[in-house]
Amino acid sequence: MSKTKQSIGNYRWSICGLLFFATTINYLDRQVLSLTWNDFIAPEFHWTNNDYGNITALFSIFYAVSLLFAGKFVDFMDTKKGFLWAIGVWSVGACLHAFAGIATSGIITGNWFVGFEGAKDAISTVNDTALVLNVSVTLFIFARFVLAVGEAGNFPAAIKTTAEYFPKKDRAFSTSIFNAGATVGALAAPITIPFIAKAFGWEMAFIIIGALGFIWMGFWVFMYDKPERHPRVNAAELEYIQQDDVADSKLVGYVPETTTKVTFKDCFRYKQTWAFAFGKFMTDGVWWFFLFWTPAYLSSVYDMDSTEAAFPLFILYLITLLSIIGGWLPTYFVEKKGMNPYEGRMRAMLIFAFFPLLALIAQPLGHISYWLPVIIIGISGAAHQAWSANIFTTVGDMFPKKAIATITGIGGLAGGLGSTLINKGSGVLFDYTKETEMVFMGFKGIEAGYFIIFSICAVCYLIGWTVMKSLVPKYAPIKDL
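A.B. asks: Tell me about the overall build of the protein, and please be specific about residues and values.
C.D. replies: The secondary structure content of the protein amounts to 21 helices and two strands. Overall size of the protein, expressed as C-alpha extent along the three principal axes, is 75 × 55 × 40 Å. A burial count over the protein gives 58% of its 481 residues as buried. Considering only contacts in the protein between residues 6 or more positions apart, those separated by 24 or more positions represent 84%. Element-wise, carbon and sulfur atoms account for 68% of the exposed surface of the protein, whose accessible area totals about 18,900 Å². Separation of charge centres in the protein, based on 35 positive and 34 negative side chains, amounts to 13 Å.

As structure tokens, this is what we get:
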């Protein structure tokens, strides 16, 4: 059969499926703590909101700094080995959390050879609660550090894989599909993790969920290779995947991509890098706030335990699955309205930036029913994930493939710094408003704190979009990197 008549294969979607499951596992692993700390871990170790805020803020810092180097690492190791290292490290980190109780018992009492229940019994006999708190928080911070270092490799590797397996016009859609794994992970977490913790102990929740990553590694080893070398990618599919390379080669001033390593200094010379980084800085923290603090919000404001909050959280993240539209909309603008990929993406991102404004009324409407803020947070989460799928693909639009993971890492660092600020600030604010019974805009105590943070989250996307558009007003791919 001739190449021109050969039907286009679909193996690229199998690779996209692997990226989806990796992202699902990624988000399941980081959600275990947020769904177990309030009901199971805090009573055992005497944590406060501020302690939890410190742990989540430090996780964001570790994740942010690791992203900067994870992108370079993935570009250096290349996609297959880089992804294996990433998920292997984060799966070890996820499982490490389970042994924080035993380690706390060992450090304080000197008895290391106890099981999970023995550790609980030993800790309960310690009169110095401040010592228990400090030791346990330190151990959880270490486990979060290992988790963050590994998890930082997921998105640089996934975005690089998408650029390898999809033409530019399909990248937003394929990214929105694998990025939906974040939503599915968040969706599966509240209907599994609290019940595992309740039935088998919070430690087993970390171990069971953490082990999923090791299973994924086996599939990646046997299923992934570069498309030009993969026996499952036929000639017609390879031609479809590489259509941009052919089109770009016909442009005036075309410069073939080299294999020269890209440095950070090189990347920061371009406004495109700064635009991507600022967009991530302004918006990543919003998603992390909703992910880490919504279970605590339902507990603090509506007195729900983790199992009672499971169904509202499930519905919240089910709504977030609407984010897949985020991949379709720019394709519509490109194919139906004749826009270039960047113009179509920015138009779509502007639309998505308006939806988080609903967060301004989440807390006021919460006095009618907790379902109203749940639905609003779900819509805001869907808007974020749609925005996220598109901001990631602006990197592939603008930069050569050899720089994609590095630029993604730089943006991840910026996003992590934004996440650190909002998570640390939220923990301090919530404890302060609770203790002082502060009144703000008609809200009192911790409700005032949540109203303030919801209001900040509401406007972040429009600010981010405005600055991005100012820095890069038109489609301007990098040709000299």
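A.B. asks: Tell me about the packing of helix α2 (residues 49-77) against helix α14 (residues 271-302), and name the residues and values.
C.D. replies: For any two helices packed against each other, one specifies the inter-axial angle together with the distance between the axes. α14 packs onto α2 with a crossing angle of 145° between their chain directions and a minimal axis gap of 12 Å. Of the two possible hands of crossing, α2 and α14 adopt the one that is right-handed. Facing α2, whose interface residues are Asn 49, Tyr 52, Gly 53, Thr 56, Phe 59 and Tyr 63, α14 presents Trp 288, Phe 292 and Trp 293.

A.B. asks: Please provide a residue-by-residue account of unusual backbone geometry, values included.
C.D. replies: In this structure, His 46 takes a positive phi of about 70° despite not being glycine. Not every positive phi belongs to a glycine, and Glu 437 is a case in point at roughly 55°. Mapped onto the elements, Glu 437 comes out in the loop between α20 (401-436) and β1 (439-440).

A.B. asks: Outline the nonpolar core, listing residues and values.
C.D. replies: One finds Leu 33, Ile 41, Trp 47, Phe 140, Phe 289, Tyr 450 and Phe 454 to be the most contacted residues of the largest nonpolar core, which totals 130 residues. The biggest single contributor to this core is helix α1 (residues 11-45), with 17 residues. Not counting residues up to four positions away in its chain, the partners in contact with Leu 33 are Ile 41, Trp 47, Tyr 52, Ile 55, Phe 140, Arg 144 and Phe 206. Among the nonpolar cores identified, the runner-up in size contains six residues, and Leu 329, Met 339, Ala 348 and Ala 386 belong to it.

A.B. asks: Now, about the packing of aromatic side chains: what can you tell me, with residues and values included?
C.D. replies: Two aromatic rings, taken as a pair, are described by how far apart their centres are and by the angle between their planes. Scanning all chains against the criterion turns up 51 aromatic pairs. Ring geometry for Phe 140 and Trp 202: centres 5.8 Å apart, planes at 40°, overall tilted. Residue Phe 140 is located in helix α6 (residues 129-151), and its partner Trp 202 is located in helix α10 (residues 202-223); the two are separated by 62 residues in the primary sequence. By the burial criterion, Phe 140 is buried, and Trp 202 matches it. Between Tyr 450 and Phe 454 the ring centres are 6.1 Å apart and the planes differ by 45°, which places this aromatic pair in the tilted class. Of this pair, Tyr 450 and Phe 454 both sit in helix α21 (residues 446-471), four residues apart, which is roughly one turn of the helix. Tyr 450 gets classed as buried once you look at its relative accessible area, which sits at 1%. Judged by relative accessible area, Phe 454 falls into the buried class, the value being 2%. The lysine or arginine in question, Lys 72, covers the ring of Phe 264, its NZ or CZ lying 5.5 Å from the ring centre.

A.B. asks: Run through a nonpolar patch on the surface, naming residues and quoting values.
C.D. replies: Together, Val 92, Leu 96, Phe 142, Phe 145, Val 149 and Phe 214 make up an exposed nonpolar region whose accessible area comes to about 500 Å². It is α6 that provides the largest number of residues to the nonpolar patch, a total of three residues. With respect to the secondary-structure elements, Val 92 resides in helix α3 (residues 79-96). Exposure remark for Val 92: the relative accessible area of 41% places this residue in the partly exposed category.

A.B. asks: Tell me about empty space enclosed by the protein, residues and numbers included.
C.D. replies: The tally for this structure, following the rule as stated, stands at five cavities of 30 Å³ or more. Lining the largest cavity are 15 residues; nearest its centre among them are Tyr 27, Phe 155, Lys 280, Asp 284 and Phe 392. Breaking the lining of the largest cavity down by element, the ones donating at least two residues are α2, α14, α19 (371-398) and α20.

A.B. asks: So what's going on with the environment of Ala 211? Which residues, and what values?
C.D. replies: Assignment of secondary structure puts Ala 211 in helix α10. Remark: the alpha-carbon pair of Ala 211 and Ala 94, spanning 117 residues in sequence, is separated by 8.3 Å.

A.B. asks: How would you sum up the environment of Ile 15? Please name residues and give values.
C.D. replies: Structurally, Ile 15 can be placed in helix α1. For Ile 15, a relative accessible area of 0% gives the class buried. When the C-alpha positions of Ile 15 and Trp 287 are compared, they lie 26 Å apart, and in sequence the two are 272 residues distant. If sequence neighbours within four positions are ignored, Ile 15 has contacts with Thr 161, Tyr 165, Met 223 and Tyr 224.

A.B. asks: Describe the pattern of salt bridges, and please don't skip the residues or the numbers.
C.D. replies: A complete count under the given rule lists ten salt bridges for this structure. A salt bridge links Glu 151 to Arg 30, with the nearest nitrogen and oxygen atoms 2.8 Å apart. Of the two residues, Glu 151 sits in helix α6 while Arg 30 sits in helix α1, which places them 121 residues apart along the sequence. Each member of the pair, Glu 151 as well as Arg 30, carries the same accessibility label: buried. Bridged by salt links that share partners, the residues Glu 44, Lys 120 and Glu 203 form one connected network.

A.B. asks: Please set out the side chain of Thr 408 residue by residue, giving values where relevant.
C.D. replies: Position of Thr 408 relative to the elements: it lies in helix α20. For Thr 408, the side chain forms a polar contact with the main-chain oxygen of Ile 404, separated by 2.7 Å. Setting aside its immediate chain neighbours within four residues, Thr 408 contacts Phe 155, Pro 156, Ile 159, Phe 276, Phe 392 and Val 395.

A.B. asks: Talk me through the packing of α2 against α3; I want residue IDs and the actual numbers.
C.D. replies: Running from amino to carboxyl end, α2 crosses α3 at an angle of 135°, the nearest separation of the two axes being 6 Å. As the angle between them shows, α2 and α3 are arranged oblique. For the pair α2 and α3, the sense of crossing is right-handed. Of the residues in α3, those touching α2 at Phe 73, Val 74 and Met 77 are Thr 79, Lys 81, Gly 82 and Trp 85. In the contact of α2 with α3, the residues fall into four nonpolar, two polar and one charged.

What counts and how
- Residues numbered from 1 in each chain as written.
- Predicted model: local features only at pLDDT ≥ 70, side-chain atom pairs only at ≥ 80, totals over all residues.
- Heavy atoms only, no water.
- Helix = DSSP H or I, 4+ residues; strand = E, 2+ residues; numbered from the N terminus.
- Buried < 20%, exposed > 50% of the residue type's maximum accessible area, 1.4 Å probe, protein only.
- Contact = heavy atoms within 4.5 Å.
- Areas by Shrake-Rupley, 256 points an atom, 1.4 Å probe, with all protein chains shown as cover.
- Lys, Arg positive; Asp, Glu negative; His and termini not counted.
- Charge placed at Lys NZ, Arg CZ, Asp CG, Glu CD.
- Axes fitted to C-alpha atoms, helices over the stretch in contact; angles between N-to-C directions.
- Left-handed = near helix turned anticlockwise from the far one by under 90°.
- Core = buried A, V, L, I, M, F, W, Y, C linked by side-chain atoms within 4.5 Å.
- Phe/Tyr/Trp six-rings, centres within 6.5 Å; stacked < 30°, edge-to-face > 60°.
- Lys NZ or Arg CZ within 6 Å of the ring centre and 35° of its normal.
- Patch = residues over 30% accessible without salt bridge, like charges linked within 9 Å, V, L, I, M, F, W, Y side chains within 5 Å.
- Salt bridge = Lys/Arg side-chain N within 4 Å of Asp/Glu carboxyl O.
- 1 Å grid on protein atoms, 1.4 Å probe; cavity = no way out; pocket = protein on both sides within 12 Å on 5 of 7 lines; lining within 4 Å.
- Points joined across faces, edges and corners; volume = space filled by probe spheres on them.
- Polar contact = N/O pair within 3.5 Å; in protein donor to acceptor, adjacent residues only side chain to side chain.
- Parallel < 35°, antiparallel > 145°, perpendicular 65-115°, else oblique.
- Nonpolar A, V, L, I, M, F, W, Y, C, P; charged D, E, K, R; others polar.

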